[in-house]
Amino acid sequence: MPASERRVTESAHCTIDIMTVQQSTGVVSRKTLANAGANSRSSPRTADSLRVGASTVVSEDEHDSSTHNNTQQPLGSSSSSVARGTVSASDAIISASGDCGDRNGNKSRHCERPAIVFLRTRIAVLCLLLVSAVVGLITAQSYFNGQPDIPGCAMSYSRPRFVEQTKFDNSWTRFSTKYKLYLYREGGYDAHDEAFRIPILFVPGNAGSHKQVRSIASASATAFIELAGNSPDVFDQGQIGYDYFTVGLNEELTALHGYSILEQADFINDAIRYILSLYPETRAKYRLPSQRTKFALPTSVVVVGHSMGGVVARTAFTLPNHIVGSVQAIFTLSTPHNNPTASLEYYVDKVYSSVNSFWRHGFHNGTLDDVSLVSIAGGSLDSMINSDYTYIGDLAPPKNSLSILSSGVDDVWLSLDHQSILWCAQMAKKFSSMLIQIMDARQPSQLLPLDERMSIMRRQLYSDWERGTNAVPESLTANRTTNDDYSYVYVHEDGAARLMPEDMKKLLSGDHTDKVGLGVALHLLPVNKATSDSTVQLLYDPRLFAIAHAPGSIAGYQPVFLGCNRIKVESNGTKPETRVTCRAIPAPLPTKLPMRRADDDPELPLYALHYMEVPVGVLGQFEFLGMQLPAKPGAAGFFYATIVKNLVQLESSPSYARLLRLLTIRTPMAKSRIGTSTRTRIRLNLPESPFFVFRATLAMRRSTSSSQFMSASPRFSPIIRQSDGRRFESRFWYDQNSVDLAIHGRGAYLPSDAITNAEDSELKSAGQWDGLLIDVWADPDYYTGFELALRINWYSSLNRTIKRYDMALLAMSFVWACLVMLHQLRTWNAGVSLETTPSSKCRGGLATPAFPSCLTSIERLIRNGTLSVLLVAAVLTPILQRVVAHLMGNVWSPATLASWNNLFMGTRGSGWVLGLVPALLVIVSLGFVALEAIVLTAICSLASWAVADVSGRFESTRKHWSRHDVLEAVSEDGRLKPRFVKIPVRPLIATVAFVVFVCTFVPYQFAFLVIYMAQLFTAIRTMSHAYLAAPHSATTLTPQRVLVSDVLRDRARYQLGLLLFWTSSLPYCAPELLVWVRNLSVMWFEDAPSDHNLANMAGYFALRLLASYHIVPRLTFNVTERVAPSRTAWWLRVMTYAFFGSAVVYAWLYSIRRPYILYSVANAISAWLALVQFAEFPLRLVSPVQKRILSSSALLGSRTSSPAVTPATSPVVAEFSGFARSAKPLATLTVSRSDDQLDRKLR
């Protein structure tokens, strides 16, 4: 084409060819119309726009046809001469040049491939997804494989049989159709199907089954059979065994549904009342003929609760149908007592608050004086609950309660996961043994008195050395003994007794062969020269005394301690003999030190060293400490006793910053083998922080001098023990050079007040945190000391942080969802177009919508500094909390201070380093929201494309899916018809039916799910409408389709934004829906009263109805139009931003602890947006300023338009417009330009 006949306008993004019309024919040839289009919205800096009109458009094939006048299609009515920024309609038409070249035919640098444009415009989101994916993978790997402990449980076996209590019907409980009560019978042991022993009730936990009792019940039956076989008088002691009852609770999700906790607790009270009613008849029926003791009728039931079953058992005390005194002992296994594991529902938090308040006050007002509460937890391997929440020292006084982790239980010494704590053979055996020892059928409570049974439970679960109290073995008597009572008497003059099997054999084969039949020997340790603060340490392997007991028994014998005084020294041949008289003295029971490696077979017998410490001060006037031992040794083992003047105790107070590097602690070098301590204690003065795991590496030192230390090899490998002063957690490691130290303590959201209702000062001090204690036992005859290197294990620490802040991801995701929606509304109100890309213009894309997509808003939030602001806030918020708490500590009440510390992620035990955790959560949560946006966009896009493709193939489907009401609103010349959309009848009927169902039958959570799915289908439908309305060829390039496609794309992005915003509310509906479906399966139709509250879904419902037909109106106007916004619109805009800002701040501070509140916050915001949309209609009628603006604002979304352009007079109907959108001649297409080159080229 000649250059004189061509005018080229080069904008900042694309080139549009404007060709003069052939005067002779009035037609123009066009190479392609498939790529035709122009930018419908100019950039904010553009001052003018290019209006291009055309009178006729024909195809290239008809260029020389004489019938071209029959194919003309009017695009506009403007025929004025070319003005500034315009071209006459008689002179030019649009020619969408697909090659995007300049006047010389060169490629524009802005004409890029779609993939390159996508990468450039979404680079921040892609980087965010990459970082989030890396952090997420590391987090998941740490969660599943970063456990500091290794499983080691042996499998338990049983022969269960469950007898359903059919008489427990609706005459006893209203839940008879929903829950069931069973009696456990052990095959081969229980011959009767009636209960006559001591009743015990098992309550399963979250989604638990009544069959989970079988391991504990079977172990109890086995333990009682062994006890009865060894002690024929057990019946006279009131030990008659247990009858295990268990309840089937429909496997309900009590951890997520608070109303189920109340229902189950109500059922438990009814079950206890029924169980107690069985015994007046059965106790007399099954009384043993040889029984000399009369058993009392039971007035209470022992309750064992697993997981949430423990919470249900404690909740039963607070209900009106609870019988006072019907439960006097509760044992809980892996029960989160202090806080719910997942606060996804309001009722769960409410139940916890009321129950814990009742129990805290119950021990003060006397309601719970005789109740004992024992909490046993699994520790680090329990990934279902946070074991910090199992500590009950803040709920009950020590005289009534006991808290311990399974890793510190004698003969268990293992971390257990949430389910294995029930079937683990070691745990079941130990737990059953404890239950057997506290039973007493002679008492109405069927249990020993409170003080006695608590003492037995501490002795069974804790080690006596850890308990700090002395216990006298029953074998000790007040009778005096002399040399004649022993096979031999040996005095260890050097102050240390070292006995090996060969040493004891030599002593036995000496001059005392005539006394071998006595079976015991006396070893004397002189203490008369030792100071009163000295300690006698004893460490021995019980296998040394195995010959004194039945085969296979290696732990039954315990040394007897005596205080001895010298009578005289007699000469027995060539060796003088010391004659003594001895009397038994109290001594602590031994502490067991397990000798098990991490890779040992759990089915093999577990050996343990026994360790004791006897203060010299208790010997008083005695010259010797006598140790009565078997004369004949076993095949293996050793015995070591020495007097230690000063126990080796090291103390360090490292900071977390110091532990980022390697911290090395060295013990002093031992100078002599005499008086060297076998135990060394290191105290680390660290905060009670359960978030960090410390990697400890032990390097032992030994002397090269053979004359100083006798042993050529160690008698035992080093043993490491972690503990603290609360007696809550202790762990052992044997023969391991590298171990992970971790704390389960009172971290975030747990009460920190000291126990005030403890009368025993010693027990009260046990609840105080006094640092992390590390004890190391090593052979003093082989090692001279050791070095302990400590550092933070970040990989395993991440695992523990996830368990404690797993709900924080929901809260942070909601914060980002609010910010994304807020950015979309602000961009929409400002009229800024963020969706136009150079690629879309150069490829001839149609007009770009002004409402930004979710991914565009996320990209902008990253680029405009919002992400940086939140990262800084995440780091500074914990620091600010600590500073304010320190300044106001003496002013605020304890309750106020506790509430302040529990804001955000909590500060108790966190340390200053915890500021890094919320920073990571901010990044990961934004990546999670971006992933949600991608998934939702992909689903809607693919589904809409499929629908549009099907609609294009089948006319009936196309007619159904195409929006005729939208197309009819636009005339053929591209102008909008001033008409309003009719009120749809079918949605109105559906609304009424929906409300009726929610009020009567379905919970509002189900209603929200329906609303969400309807919104998803609406977004798909709207996107398919936009696709069908968009011009895809020359014959469909009409202003009508450009307008409709533009409007529908705006609305589709708005609907998709709402969908992303509502996605954060889905997790809070899942628990109720699961419980509701399970209740329907058993024909149970009773729900919580709040489940049918219409207010809980009214906001979502109203916005869903309005957003289906209208986009949210713009609440501000084009400043270049020089039209001031109305006062009402200004107030609505400010209130909208305030709503979103308040929601962000509230979610930031409160929702991590209670995330369920986010559902109500999102509902309130949705209600406000619905109000804004609904307020558009009356305001449009009453605002005169609005009418003027509606007649001057561009529907195609141009943020700025030329003042020279004459606005159209047709107003925009409510179907398409907001406060700032109005009709404009649709035959005009706007192309942005960034400089003054347009004016010069047009001239």
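Residues numbered from 1 in each chain as written. Predicted model: local features only at pLDDT ≥ 70, side-chain atom pairs only at ≥ 80, totals over all residues. Heavy atoms only, no water.

Can you lay out the pattern of salt bridges for me, pointing to particular residues and giving the numbers?
Overall, the coordinates contain 33 salt bridges when judged by the stated rule. Taking the shortest distance from any N to any O, the salt bridge between Asp541 and Arg543 comes out at 2.7 Å. Judged by relative accessible area, Asp541 falls into the buried class, the value being 2%. A salt bridge links Asp740 to Arg695; the shortest N-O distance between them is 2.4 Å. Placement of Asp740 in strand 31 (residues 738-742) and of Arg695 in strand 28 (residues 693-702) is noted, with a sequence separation of 45 residues between them. Given the relative accessible area of 10%, Asp740 is considered buried. Connected through shared salt-bridge partners, Asp494, Arg498, Arg715, Asp779 and Asp781 make up one network. (Salt bridge = Lys/Arg side-chain N within 4 Å of Asp/Glu carboxyl O. Buried < 20%, exposed > 50% of the residue type's maximum accessible area, 1.4 Å probe, protein only. Helix = DSSP H or I, 4+ residues; strand = E, 2+ residues; numbered from the N terminus.)

Got a sec to walk through empty space enclosed by the protein? Specific residues and values, please.
Inspection of every chain in the model, using the stated rule, returns 13 cavities of 30 Å³ or more. If you add up the space inside the largest cavity, you get close to 180 Å³. Around the largest cavity sit 17 residues that line it, and Pro340, Thr341, Tyr389, Arg804 and Met807 are the ones nearest its centre. When grouped by side-chain class, the residues that make up the lining of the largest cavity number 9 nonpolar, 4 polar and 4 charged. (1 Å grid on protein atoms, 1.4 Å probe; cavity = no way out; pocket = protein on both sides within 12 Å on 5 of 7 lines; lining within 4 Å. Points joined across faces, edges and corners; volume = space filled by probe spheres on them. Nonpolar A, V, L, I, M, F, W, Y, C, P; charged D, E, K, R; others polar.)

Kindly report on the sheet that holds strand 33 (residues 783-792), identifying the contributing residues and their values.
The 4 strands lie next to each other as 26-33-28-31, forming an open sheet whose pairing is antiparallel. The outermost strands of the open sheet, each flanked by one partner alone, are strand 26 (663-666) and strand 31. When strand polarity is set aside, the average angle formed by the axes of neighbouring strands in this sheet is 25 degrees. As defined by bridge partners, strand 28 adjoins strand 33 across 9 bridges and the pair is classed as antiparallel. By the bridge assignment, Ala699 is partnered in strand 33 with Glu787. Of the strands in this sheet, strand 28, strand 31 and strand 33 touch helix 14 (residues 794-804), which is tilted by about 140 degrees from strand 28. (Pairing = 2+ DSSP bridges. Axes fitted to C-alpha atoms, helices over the stretch in contact; angles between N-to-C directions. Contact = heavy atoms within 4.5 Å.)

Go over unusual backbone geometry, please, and point to the residues and values.
With glycine set apart, most residues show a phi of negative sign, and most peptide bonds adopt trans. Unlike most non-glycine residues, Glu251 shows phi in positive territory, near 50 degrees. Counting through the fold element by element, Glu251 comes out in the loop between strand 9 (242-248) and helix 4 (258-285). Accessibility expressed as a relative area gives 37% for Glu251, which makes it partly exposed. One non-glycine residue, Asp411, lies in positive phi territory at about 70 degrees. Relative to the helices and strands, Asp411 resides in the loop between strand 13 (401-405) and helix 7 (420-423).

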